[in-house]
Amino acid sequence: MDILSSLNPQQIEAVKTADGPLLILAGAGSGKTRVITVRIAYLITERKVQPYNILAVTFTNKAAGEMRSRVQTLLKDEKIDSFPLLSTFHSLCVRILRQDIEKLEEGYTRSFTIYDTDDSNKVVKACIKDLGLDEKQLAPRFVRSAISSAKNRGEDVDLFTSRVEQTDERRAAMAKVFKMYEERLNKANALDFDDLLIKTVKLLRKSKDVRDKYNDRFKYILVDEYQDTNALQFAMISFLTEKQQNICVVGDDAQSIYGFRQADIRNILEFEQHFPDAKVILLEQNYRSTQTILDAADSIISNNTKQKKKKLWTANPGGERLFYFQATDSDSEGRFVASRIEEHRRRDASERIAILYRTNAQSRVFEESLRRLRIDYNIVGGFSFYERAEIKDIIAYLKMALNPFDDIALLRVINTPPRSLGKTSLDELTSRARQRDVSVWEMLCAIADDKIDQPVNLTPRAKEAMRKFKAVVEKLHEKAAEAAGGEKPVSDVVIAAIEDTGYSLMLRVENSDEAEARLENLEELVNAAVDYDKAEENGLRDFIDHAALISDTDKYDGNAGVTMMTVHMAKGLEFPIVFLVGLEDGIFPHSRSLNDQSELEEERRLAYVAITRAEKLLYVTHSMRRRVYGEEIVAEPSQFLNEMPLELIDDLSRGPSWLSYARSSTAKDSKDTITALRGERVPEKAKAVYTGKTYNSADAIAEFFKNRETRADDVRTASGSHRIDPANNESRNREKPLSGFDKLKALASDPKVQVPKSTIDEFSAGSHVRHSKYGKGLVLRREGTGDNVKLTVSFPGFGQKKLIEKYANLEKA
DNA sequence: AAGTAAATTTTTTTT
DNA sequence: AAATTTACTT
């Protein structure tokens, strides 16, 4: 059969092992998606499995869409009367619940609403407030994430509560919030993302009918990225495979990067225990990257202790060495990346390039530098279309139209556009609703219809406004009801939500550029609805579900020349050229992971994922200083840099860099290198190692001074002659090796601070100071001006201290 | 009640 | 530094 001809023996075996549990351990770039899609096609064409009986589950819509189109291509010549279901876990749950949630008998109806993280936060916040707890001590975001973690571990409120009963009152308070949160969501007929999984599992557990129904339907199940599944997803799979054991999971423990979302790596490590007859197939041949890139990835991941042994190999050529660049600050990092990209694009514009970073906040600098060079780029993540306020507003109207008990949606739009319902009236309305234990909508209706016996503390004007709002919603509800089943185009209702509610009028009256942009976004929403109608999907409800579950990854344009995204989002993708930026301790690995060994290992897997995205070229960069929260901080090179084989790296930094030290030293301890780089005193043993090596090299010194003059543009090397400051030049010969590191430190600091030392009268970030009590320390941050300058100084042995410059009586060290 | 000014917080990573 | 929340006017 020709679809198998492009596969290697292991892949063919993976495709042909149709029945029984199968674990495919697929290394990065080993043709995993190809195996899954060919396997689906094989089941249909060779094993004559009905497409309808096949389910493939992924984590993102993008992955599902990608598979769908590839399967479609493979099956284009086949006569088939159904199509396999390719879905994310969450969409599958919505599908099941929209059908049968009422069988749960928990009060939920099929018109339930989905709450996104934002909505959940609001509910948690309201609960904290209504329980009389202090928001300052119990941050809503923190509580929400604790609730979410518990849910994903499979803990419900009662279990959570019983577990914390004897412990501290903070956790007891969280349990109370958890309880109220669940009640509120139930009352609002709303499910959060986690509930989608929980309720599905509960439903499958409770109802044999439902279980049978889906067991009969899904005779063959495939799960992609199995290392990212959590306890709930595992439970769900267990139920779905109860009758048959045709479960094929694909994954790579080295790419498990969703532990923070309670993904449980044991699911993949213990697959053979869960499914005793399981067969295991290893895919170790990498088709994506050069040997050099694989070596770098392997070198890093081998520092992890908890890792299944697996060695990727490739028949690809060795390829180019990695490129390394050390920037003085984040701007110069941006300029370097942009200018290299410009060069690459000039040479071959067809080669796709990715800039990968640890956090979304890092994207800005690169956006600016690319824009300056007029290079088109695509940015994935950050603010998605469906997260824009105006889109969420209209979606909220639509959600209300289908489920008026959705308090969050109601409160979002009740005064948008302004309907003279301010804080006072709304507080009265909501607190009344809470008192009576009804939804806000029900209370509003009661007030509007004067069906309330007790006097209500509302002005006639407010009551009238509520009546009007009620009418608006009811009118929209009628239209929505027609579109919910599909009799009426979804786009009509979307337009009604924009026009009949006064929303577009509000924007047009504003007559500003911003309002204009918002109107355009709303037009986009209408367009999306029109497209939706054309695709003959399942009506308004489906459209809104789609909006709730669509993610940022889904708008990734595989043809874009330059793409920027987080490493997490890049998983599963590949690019000829990859820039992995911001490799600094505290950023990558992230500071929140530095204190926990298993979290650090997850960061390392993340680095592994990042590196293995590259096909031909990999750049790694870091900056010596960086703005965090609007403050300049000194940034140290990432420990992951030191875990790479240094001999595989080419240094593109201007002048001496972390790499040149790491290389010249025989010491493998990155911390010493970093300490030296910062200009601090290295512990005795390491100090000996550094003696003279680099700084007595004339080249290095020349480089250093050359670079001192090259501050406007880091990327191009300084041209023409460069003067050497006689004073400094002279001192060079007298200097002990270590003082050279001070110079390197100076190189890394802000050019503006590079004035003759005698005139420096301030202690900037990166400089060394002596304190009468704490001794020598390194200035980490400087904030404020004049007499109000505050310094954050790190004193070895004393930790970080915040000092007022005026009173601290510091001297230079 | 609504708009503006001031204060406070935010950054992991995502369905 | 930017965005969000709160406090303060009108």
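Look above for the structure.
It should be emphasised that the depicted structure is a prediction, and the values quoted were computed from it without experimental measurement.

A. Focus on the packing of aromatic side chains. Counted under the stated rule, the structure contains 13 aromatic pairs. Centroid distance Tyr226 to Phe271: 5.8 Å. Interplanar angle 85°. Geometry classified as edge-to-face. Taken together, the residues Tyr226 in the loop between strand 6 (220-223) and helix 11 (231-240) and Phe271 in helix 13 (residues 271-274) connect sequence positions 45 residues apart. Note on Phe579 and Tyr619: the rings are 4.2 Å apart at their centroids and 10° apart in plane angle, and the pair reads as stacked. Pair noted here: Phe579 is in strand 15 (residues 575-580) and Tyr619 is in strand 16 (residues 614-623), with a separation of 40 residues, a long-range link. As far as burial versus exposure is concerned, Phe579 and Tyr619 are alike and both buried. A network of ring pairs unites the aromatic residues Phe323, Phe325, Phe336, Phe579 and Tyr619 as a single cluster. The ring of Phe112 has Arg98 sitting right over it, with the charged end atom 3.9 Å from the ring centre. Over the ring of Tyr258 we find Arg261, and its NZ or CZ is 4.6 Å from the ring centre.

B. Spotlight on a negative patch on the surface. Taken together, the side chains of Asp513, Glu516, Glu520, Glu523, Glu524 and Asp531 present a region of like negative charge at the surface. Looking at where Asp531 falls in the secondary structure, it is placed in helix 24 (residues 513-534).

C. Region of interest: unusual backbone geometry. Residue Pro417 follows Thr416 across a cis peptide bond; omega there is 0°. Within the fold, Pro417 resides in the loop between helix 18 (407-413) and helix 19 (423-436). Between Phe588 and the following residue, Pro589, the backbone shows a cis peptide bond with an omega angle of 10°. Mapped onto the elements of the fold, Pro589 is located in the loop between strand 15 and helix 27 (597-611). Backbone geometry at Ser420 places phi at a positive 60°, although glycine is not the residue there. Among the residues examined, Ser420 registers a relative accessible area of 40% and is labelled partly exposed.

D. Examining the environment of Tyr503 more closely. When you line up the elements, Tyr503 lands in helix 23 (residues 503-510). For Tyr503, a relative accessible area of 2% corresponds to the buried category. Put simply, Tyr503 and Pro417 are 86 residues apart on the chain and 5.7 Å apart in space, counted from C-alpha to C-alpha. Leaving out residues up to four positions away in the same chain, Tyr503 has contacts with Ala389, Glu390, Asp393, Ile394, Tyr397, Thr416, Pro417, Ala497, Ile498 and Leu522.

E. Representation of the protein's contact with DNA strand C within the structure. Every residue lining DNA strand C is accounted for by Arg364, Arg627, Tyr629 and Gly630. Backbone atoms, meaning sugar plus phosphate, form 50% of the atoms of DNA strand C positioned within 4 Å of the protein. With respect to DNA strand C, the backbone of Tyr629 contributes an N or O atom lying 3.4 Å from a base nitrogen. Residue composition of the surface near DNA strand C, by class: one nonpolar, one polar and two charged.

F. Examining the sheet that holds strand 16 more closely. The strand order across the open sheet built from seven strands is 13-14-12-15-16-11-19, with neighbouring strands paired in parallel fashion. Of all the strands in the sheet, just strand 13 (378-379) and strand 19 (649-651) have a single pairing partner and so form its edges. Strand direction decides the pairing type here: strand 11 (residues 322-327) and strand 16, joined by five bridges, are parallel. Counted as the bridge partner of Phe323 is Tyr619 from strand 16. Along the sheet, helix 15 (residues 330-347) contacts strand 11, strand 12 (353-357), strand 14 (562-566), strand 15 and strand 16; its crossing angle with strand 16, the most-contacted strand, is approximately 155°.

G. Just the protein's contact with DNA strand B, in detail. Close to DNA strand B lie 28 residues, the nearest being Arg141, Arg261, Arg358, Thr424 and Arg592. When atoms of DNA strand B within 4 Å of the protein are sorted by moiety, sugar and phosphate together comprise 58%. In the model, a phosphate oxygen of DNA strand B is placed 3.4 Å from a nitrogen or oxygen of the Asn415 side chain. Separating a phosphate oxygen of DNA strand B from a side-chain N or O atom of Thr566 is a distance of 3.0 Å. Those elements giving two or more residues to the surface near DNA strand B turn out to be helix 19 and helix 26 (567-570).

H. Molecular detail of the pattern of salt bridges. Counted under the stated rule, the structure contains 55 salt bridges. One salt bridge in this structure joins Asp298 and Lys311, with 3.0 Å as the shortest N-O distance. Here Lys311 lies in the loop between helix 14 (291-301) and strand 10 (313-314) and Asp298 lies in helix 14, a separation of 13 residues in the sequence. You can call Asp298 partly exposed: its relative accessible area is 24%.

I. Looking closely at the pairing of strand 2 (residues 54-58). Counting buried residues along strand 2, five of its five residues qualify, which places the element largely inside the surrounding structure. Along strand 2, one buried face is formed by Ile54, Ala56 and Thr58 and the opposite face, lined by Leu55 and Val57, is buried too. Sheet topology places strand 2 next to strand 6; four bridges connect them, and they run parallel. Opposite Ala56, over in strand 6, you have Leu222 as the bridge partner.

J. Main features of the sheet that holds strand 8 (residues 279-283). Strands sit in the order 3-2-6-7-1-8 across an open sheet of six strands; the sheet is parallel. Each edge of the open sheet carries a strand with a single partner, namely strand 3 (85-88) and strand 8. Mean inter-strand twist for the sheet, computed between neighbouring axes without regard to direction, equals 15°. Relative to strand 8, helix 1 (residues 9-16) is tilted by about 145°, and along the sheet it contacts strand 1 (22-26) and strand 8.

K. Layout of helix 10 (residues 208-217). If you check which residues of helix 10 are buried, you get Val210, Arg211, Asp212, Tyr214, Asn215 and Arg217. On its buried face, helix 10 is in contact with strand 3, helix 4 (89-100), helix 9 (193-206) and helix 11.

L. Quick look at helix 15. In this model helix 15 runs 26 Å from its N-terminal to its C-terminal C-alpha over 18 residues, within 8% of the 26 Å that 1.5 Å per residue would give. Here helix 15 has its buried residues at Ser330, Ser332, Glu333, Gly334, Phe336, Val337, Ala338, Ser339, Arg340, Ile341, His344 and Arg345. The residue sitting at the N-terminus of helix 15 and contributing the capping side-chain oxygen is Asp329; that oxygen lies 3.1 Å from the backbone nitrogen of Asp331.

M. Broad picture of the side chain of Ser289. As for its placement among the helices and strands, Ser289 is situated in the loop between strand 9 (285-286) and helix 14. Of note is the side chain of Ser289, whose polar atom sits 2.6 Å from the backbone oxygen of Ala614. Excluding residues that lie within four positions of it along the chain, Ser289 makes contacts with Leu294, Thr314, Asn316, Thr612, Ala614 and Glu615.

N. Up close: the environment of Ala338. Looking at the element boundaries, Ala338 is found in helix 15. Remark: the alpha-carbon pair of Ala338 and Arg461, spanning 123 residues in sequence, is separated by 58 Å. In contact with Ala338, other than residues within four places in its own chain, are Ser369, Leu370, Leu373 and Ile375.

O. Just the packing of helix 23 against helix 24, in detail. The geometry of helix 23 relative to helix 24 is characterised by a closest axis approach of 8 Å and an angle of 150° between their N-to-C directions. Classed by the angle they form, the pair helix 23 and helix 24 counts as roughly antiparallel. Crossing handedness for the pair helix 23 and helix 24: left-handed. Here Tyr503, Ser504, Leu507, Arg508 and Glu510 of helix 23 lie close against helix 24, whose contacting residues are Ala515, Arg518, Leu519 and Leu522.

About the criteria used
Residues numbered from 1 in each chain as written. Chains lettered and ligands numbered in written order. Predicted model: local features only at pLDDT ≥ 70, side-chain atom pairs only at ≥ 80, totals over all residues. Heavy atoms only, no water. Phe/Tyr/Trp six-rings, centres within 6.5 Å; stacked < 30°, edge-to-face > 60°. Helix = DSSP H or I, 4+ residues; strand = E, 2+ residues; numbered from the N terminus. Buried < 20%, exposed > 50% of the residue type's maximum accessible area, 1.4 Å probe, protein only. Lys NZ or Arg CZ within 6 Å of the ring centre and 35° of its normal. Patch = residues over 30% accessible without salt bridge, like charges linked within 9 Å, V, L, I, M, F, W, Y side chains within 5 Å. Areas by Shrake-Rupley, 256 points an atom, 1.4 Å probe, with all protein chains shown as cover. Salt bridge = Lys/Arg side-chain N within 4 Å of Asp/Glu carboxyl O. Lys, Arg positive; Asp, Glu negative; His and termini not counted. Charge placed at Lys NZ, Arg CZ, Asp CG, Glu CD. Contact = heavy atoms within 4.5 Å. Near = heavy atom within 4 Å. Polar contact = N/O pair within 3.5 Å; in protein donor to acceptor, adjacent residues only side chain to side chain. Nonpolar A, V, L, I, M, F, W, Y, C, P; charged D, E, K, R; others polar. Pairing = 2+ DSSP bridges. Axes fitted to C-alpha atoms, helices over the stretch in contact; angles between N-to-C directions. Expected span 1.5 Å × (residues − 1). Parallel < 35°, antiparallel > 145°, perpendicular 65-115°, else oblique. Left-handed = near helix turned anticlockwise from the far one by under 90°.

This is a description of form; function is not addressed.
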